[in-house]
Amino acid sequence: LGPPRPAAAAPDLVPLPTTTLLGLAAHAWWLDPYREQYLAAFADLNVQVVRIGIDWKRVEATPGVYDWSLYDRTLPQLAERRIAIVANLNTFPAWTSTDPLCADHFNEPTHCLPRGDTIEGWARFVAAAAARYPFIERWEIWNEPELWKGMQQQDHYLAYLRRAHAAIHAAIPGARVAASSLLGWIWLRELYAQTPPNDRPC
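Cut-offs and rules
Residues numbered from 1 in each chain as written. Predicted model: local features only at pLDDT ≥ 70, side-chain atom pairs only at ≥ 80, totals over all residues. Heavy atoms only, no water. Helix = DSSP H or I, 4+ residues; strand = E, 2+ residues; numbered from the N terminus. Buried < 20%, exposed > 50% of the residue type's maximum accessible area, 1.4 Å probe, protein only. Contact = heavy atoms within 4.5 Å. Phe/Tyr/Trp six-rings, centres within 6.5 Å; stacked < 30°, edge-to-face > 60°. Axes fitted to C-alpha atoms, helices over the stretch in contact; angles between N-to-C directions. Parallel < 35°, antiparallel > 145°, perpendicular 65-115°, else oblique. Pairing = 2+ DSSP bridges.

Asker: Please set out the environment of Thr 98 residue by residue, giving values where relevant.
Answerer: Among the structural elements, Thr 98 can be located in the loop between strand S3 (84-90) and helix H5 (108-111). Taking the relative accessible area as the measure of exposure, Thr 98 reaches 54% and is therefore exposed. Between the C-alpha atoms of Thr 98 and Pro 114, which are 16 residues apart in sequence, the distance is 6.1 Å. If sequence neighbours within four positions are ignored, Thr 98 has contacts with Leu 113 and Arg 115.

Below, the structure written as structure tokens:
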């Protein structure tokens, strides 16, 4: 709990290996209870990249109160083993939504409908995450945004993407920030169509 700060003993940025990449997707709440077993398995498999979510709803379940403990236990451990991290920033805390069913995990995509001012809280959360984990060089904004009612409007998603891009680059100038998509090029072409060629920061 408490104000954002760099994670203790933060490792250096982990460069992507030049050999063939082997990566997987994970959740911190999967890794945490069996961290040593997973890390041993990653070593055996020569896992080089892990895409892992940093859930806003878990970090700031109460407005203005950040709890990074889950991620402090998992992210530095990966980086210390020279595993490159792709951090996926996602989810809305229930307090940001106009629909109380947002608090139900199974209803999140269809009922997390953020208020207009929620984007300011999002920008603060992203800035705090980047400041706390400066050893992460690759960031992805949202997971399957097409499935989230609060993100399906592309201008809405673009607004969140832009705020995240600015916040991450303010803390980690060399970071890469990626858009996310379940539909792939169909979705991305539509995003590009809404964005002038000289205003495509990601």
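Asker: Account for the packing of aromatic side chains, naming residues and giving values.
Answerer: The full count for this structure, using the stated rule, is 17 aromatic pairs. Between Trp 56 and Phe 92, the aromatic rings sit 6.3 Å apart at their centres with planes inclined by 55°, giving tilted as the arrangement. Of this pair, Trp 56 sits in helix H3 (residues 56-59) while Phe 92 sits in the loop between S3 and H5, and the two are 36 residues apart along the sequence. Measuring from centroid to centroid gives 6.0 Å for Tyr 133 and Phe 135, while their planes differ by 80°, and the two rings are edge-to-face. Assessed through its relative accessible area of 0%, Tyr 133 is described here as buried. Site record: aromatic cluster; members linked through ring pairs are Trp 56, Tyr 66, Trp 68, Phe 92, Trp 95, Trp 122, Phe 125, Tyr 133, Phe 135, Trp 142, Trp 148 and Tyr 160.

Asker: Go over the packing of helix H7 (residues 154-171) against helix H8 (residues 185-193) with me, naming the residues and quoting the values.
Answerer: Interhelical geometry of H7 versus H8 gives an angle of 80° and a closest axis separation of 10 Å. Relative to H8, the element H7 lies roughly perpendicular. Judged by residue contacts, Gln 154, Tyr 157 and Leu 158 of H7 engage Trp 187, Glu 190 and Leu 191 from H8.

Asker: How would you summarise the sheet that holds strand S1 (residues 23-27) if you had to cite specific residues and measurements?
Answerer: A sheet is described by the order of its strands in space; here five strands give the open sequence S1-S2-S3-S4-S5, paired in parallel fashion. The strands lining the two open edges of the sheet, one partner per strand, are S1 and strand S5 (176-179). Between one strand and the next, the sheet's axes are offset by a mean angle of 25°, whatever the strand orientation. Bridge count for strand S4 (residues 138-141) against S5 is four bridges, and the pairing is parallel. Looking across to S5, one finds that Glu 140 is bridged to Ala 178.

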